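Coordinate analysis (summary)
Residues per chain, in single letters:
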Amino acid sequence: MEKESLKHLFQQEFSKMVAVISKSFGLQHIEIAEDIVSETFLQATETWETKGLPQHPTAWLYAVARQKTLYYFRRNKILETKIIPELTIMQEKDQEAQILNFSDENIKDSQLQMLFAICTPAIASEAQIGLALRILCGFGIDEIAEAFLSNKETINKRLFRAKEKLRTEKVQLELPSENEIANRLDNVLHVIYLLFSEGYYSKTQNQILRKDLCIEAMRLALMLTEYGRTNLPKTNALMALMCFHASRFSARQTVENTVILYEHQNTELWDKALINQGLYFLNLSAQGNEISSYHLEAKIAYGHCQKEDTPAKWEEILQLYNQLLLINYSPVVALNRTFALYKANGREVAVIEAEKLKLENNHFYFILLAELYKNVDYEKVKRYLHKAHSLAKTQTEKQGIQEELDKLG
Amino acid sequence: MKDFMLLFRQPNYDYTNTSREEMQAIGKKWQDWVGGIAAQGKLVSHGPRLALEGKVLKAGGVITDGPFVEIREMLGSFILVKADSLEDATTLAHGCPAIDADGSVEIRPLFG
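All values derive from a computational prediction rather than experimental measurement. (Residues numbered from 1 in each chain as written. Chains lettered and ligands numbered in written order. Predicted model: local features only at pLDDT ≥ 70, side-chain atom pairs only at ≥ 80, totals over all residues.)

**Observations regarding the overall build of chain A**
Counting its secondary structure elements, chain A contains 19 helices and zero strands. Looking at chain A as a whole, 38% of its 409 residues are labelled buried. The long-range share in chain A, meaning contacts at least 24 apart out of those at least 6 apart in sequence, stands at 60%. (Helix = DSSP H or I, 4+ residues; strand = E, 2+ residues; numbered from the N terminus. Buried ≥ 20, exposed ≤ 12 C-beta atoms within 10 Å, placed from the backbone. Contact = placed C-beta atoms within 7 Å.)

Next comes the structure, spelled out in structure tokens:
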């Protein structure tokens, strides 16, 4: 097996195995679970290198992990029985028989429970994403550090604190109760949304890593659609939103890797299968009365998946942004809304509204202003682009803005 | 920033002779106007719209049908915004579609 596919297999199995082991050990021992799985992978790499790949690699991994876990468990149990004499041999045997069930069903249940555990409101959202990447997506610390444009130490500290929180808050690996699940689901969906955005708008230049982030977010949401109580309209709306965005993933990158504006995208690069997939989930999301921000964003994203540049389309997008702002204000939404206003109501109205936004520290604000004055006021366009260039945070963005400036002459 | 209430009043809410297209245009005007305030991050809450019917209770137990007898304009709805000053809040009220309908916007600071 090639190195890349081996890495892929490990990444895939990591979250399953950690979830199942944590389910048996209790979430407070999640670090032991991680260690055991890492040791298993190490042993696999060494053994498979000399003896070749076993017939069923995953079964091999589960067997070794089980061995290692039971060993640890027994050794630890001995210690515990010395300290806690109440623990009878009977109970030990019971627990041993129950633990480490690597059936598809138990893997699925454990992963779903892990998803809810990590998305507990007790943990700050940045730490949640990190923890989700590590525990639910099997990313390495260096990959997480790269995604966050941070360093390993910072990420390790952040993950350590998050796990500490899981312990002190005594978070259990179980699904929330029936009447709590809808509430808790909001937080889970939000983390998945952030995870996807981290990949889609990531600061890192690593294309494979970015795509991986998006795919993992979609995989987690898909898991929620497969379970009755979490398969709600808003879950499907989030899924639709991610499909529509992901369909334009390739088109967003030019050869030079600079992020390009929607208008300049090569529509031939849009992934039609993903757009259809998005439509499928969008239809499923149109049940019930709740209109979540995911519903609105999914419809907007769908609008962007249509090539036709008609006033009617932009009018619809504008109204969706108006609604979205009432639920969820953010500078990005405000800027996008103003661009839609420009397309639907014309330049003059949009200029007035844009100037009211006063997002003076946001480079996208000045890119928008430059766009609004294009072919109207050369000096202003130049000034705004320079301003955007000085505020841009990444080299890629600076490069993109510089190209616009060069075009001006 | 402080919170202010913008109260919209119009002399007439009778849309029975208004065409579907015109209704849509009025709806769009309101949505674009409120959207503009929200885009500035200054919308605190989008108040409920008031239905047309109502009663007025006065001293001595006198009850009348609605507030429409003595005041020229009738309260239609309200929103809460945040602004640095009463002047800024008043600036936000500009462009309100109630004014186009010969109505008015009353801008009142909230206590607290």
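**Structural notes on the interface of chain B and chain A**
Taken together, the 10 residues of chain B in the interface contact 12 residues of chain A. Mapped onto the side of chain B that touches chain A, the elements with two or more residues apiece are α1 (20-39) and β2 (43-49) of chain B. Among the elements that take part in the side of chain B that touches chain A, α1 of chain B stands out by supplying six residues, more than any other. For the side of chain B that touches chain A, the per-class residue count stands at three nonpolar, six polar and one charged. (Nonpolar A, V, L, I, M, F, W, Y, C, P; charged D, E, K, R; others polar.)

**Examining the pairing of strand β3 (residues 55-58) of chain B**
Residues in a regular strand point their side chains to alternate faces of the sheet. Residues and elements named next belong to chain B. Examined bridge by bridge, β3 and strand β4 (residues 62-65) share four bridges and lie antiparallel to one another. Looking at β4, one finds that K58 is bridged to V62. Connecting the antiparallel pair β3 and β4 is a turn made up of three residues, with G60 showing a positive phi of about 85 degrees. (Pairing = 2+ DSSP bridges.)

**A word on helix α2 (residues 30-51) of chain A**
Residues and elements named next belong to chain A. With 22 residues, α2 ought to run about 32 Å at 1.5 Å a step, and its terminal C-alpha atoms sit 31 Å apart, in line with that. Regarding α2, the residues found buried are I30, A33, I36, V37, T40, F41 and A44. Angularly, the buried residues of α2 cover 140 degrees about the axis, an arc narrow enough to put them on a single face. Among the exposed residues of α2, those oriented more than 90 degrees off its buried face are L42, T45, E46, E49 and T50. Within two residues after α2, G52 carries a phi angle of roughly 85 degrees, on the positive side. (Expected span 1.5 Å × (residues − 1). Arc of directions from axis to C-beta.)

**What to know about the nonpolar core**
Residues and elements named next belong to chain A. Counting 123 residues, the largest nonpolar core has A132, I192, A217 and M242 as its most contacted members. Element by element, the count of residues in this core is highest for helix α11 (residues 233-247), at nine residues. Sequence-distant contacts of M242, defined by excluding residues within four places in its chain, comprise F196, A217, M218 and A221. (Core = buried A, V, L, I, M, F, W, Y, C linked by C-beta atoms within 7 Å.)

**Section: the domain arrangement of chain A**
Residue and element names in this part refer to chain A. What the domain assignment lists for chain A is domain 1 (1-102), domain 2 (104-229) and domain 3 (232-307). Opposite the 17 residues of domain 1 that make contact, domain 2 presents 17 residues. Counting only elements with at least two residues in the side of domain 1 that touches domain 2, the list comes to α1 (3-25) and α2. Per-element tally for the side of domain 1 that touches domain 2: the top contributor is α1, with 11 residues. (Domains from an automatic or database assignment.)

**Digging into the sheet that holds strand β1 (residues 2-10) of chain B**
In sheet architecture, strand pairing relies on hydrogen bonds along the backbone and comes in two forms, parallel and antiparallel. Residue and element names in this part refer to chain B. Spatially, β2-β5-β1-β6 is the arrangement adopted by the four strands of the open sheet, whose pairing is antiparallel. In this open sheet, the two strands that pair with only one neighbour each are β2 and β6 (104-109). Averaged over all adjacent pairs, the angle separating strand axes in this sheet is 20 degrees, with direction ignored. Where β1 and strand β5 (residues 74-83) come together, nine bridges link them in antiparallel fashion. Its bridge partner lying in β5, Q10 is registered against M74. Across the sheet, helix α2 (residues 86-93) touches β1, β5 and β6, and the angle it forms with β6 is around 155 degrees. (Axes fitted to C-alpha atoms, helices over the stretch in contact; angles between N-to-C directions.)

**Describing helix α6 (residues 125-136) of chain A**
Counting along an α-helix, one turn takes 3.6 residues, and residues three or four places apart therefore face a common direction. Residue and element names in this part refer to chain A. The buried fraction of α6 is high, at nine of 12 residues. Where α6 is concerned, the buried positions are Q128, I129, G130, L131, A132, L133, R134, I135 and L136. Considering only its buried residues, α6 is in contact with α1, α5 (104-118), α7 (141-147), α8 (152-168), α9 (178-200) and α10 (207-225). At the C-terminal side of α6, G138 shows a positive phi close to 65 degrees.

**Considering unusual backbone geometry**
All names here are of chain A. Phi angles above zero are rare outside glycine, and K358 is one such case at about 50 degrees. Mapped onto the secondary structure, K358 falls in the loop between α16 (347-357) and α17 (363-372). Exposure remark for K358: the 11 C-beta atoms within 10 Å place this residue in the exposed category. In this structure, N375 takes a positive phi of about 60 degrees despite not being glycine. Mapped onto the secondary structure, N375 falls in the loop between α17 and α18 (378-391).

**Regarding the packing of α17 of chain A against α18 of chain A**
Residue and element names in this part refer to chain A. The interhelical angle for the contact between α17 and α18, taken along N-to-C directions, is 160 degrees, at an axis separation of 8 Å. Compared by their axis directions, α17 and α18 come out roughly antiparallel. By crossing handedness, the relation of α17 to α18 is classed as left-handed. Counted together, H363, F366, I367, L369 and A370 of α17 and V381, Y384, L385, K387, A388 and L391 of α18 form the full contact between these two elements. (Parallel < 35°, antiparallel > 145°, perpendicular 65-115°, else oblique. Left-handed = near helix turned anticlockwise from the far one by under 90°.)

**Observations concerning the confidence of the model for chain B**
In low-pLDDT segments, the atomic positions of the prediction should not be examined closely. In this model, chain B carries a mean pLDDT of 89, and residues with pLDDT of at least 70 account for 94%. Across the interfaces of the predicted complex, the ipTM metric reaches 0.87, alongside a pTM of 0.85. (pLDDT = per-residue confidence, 0-100.)

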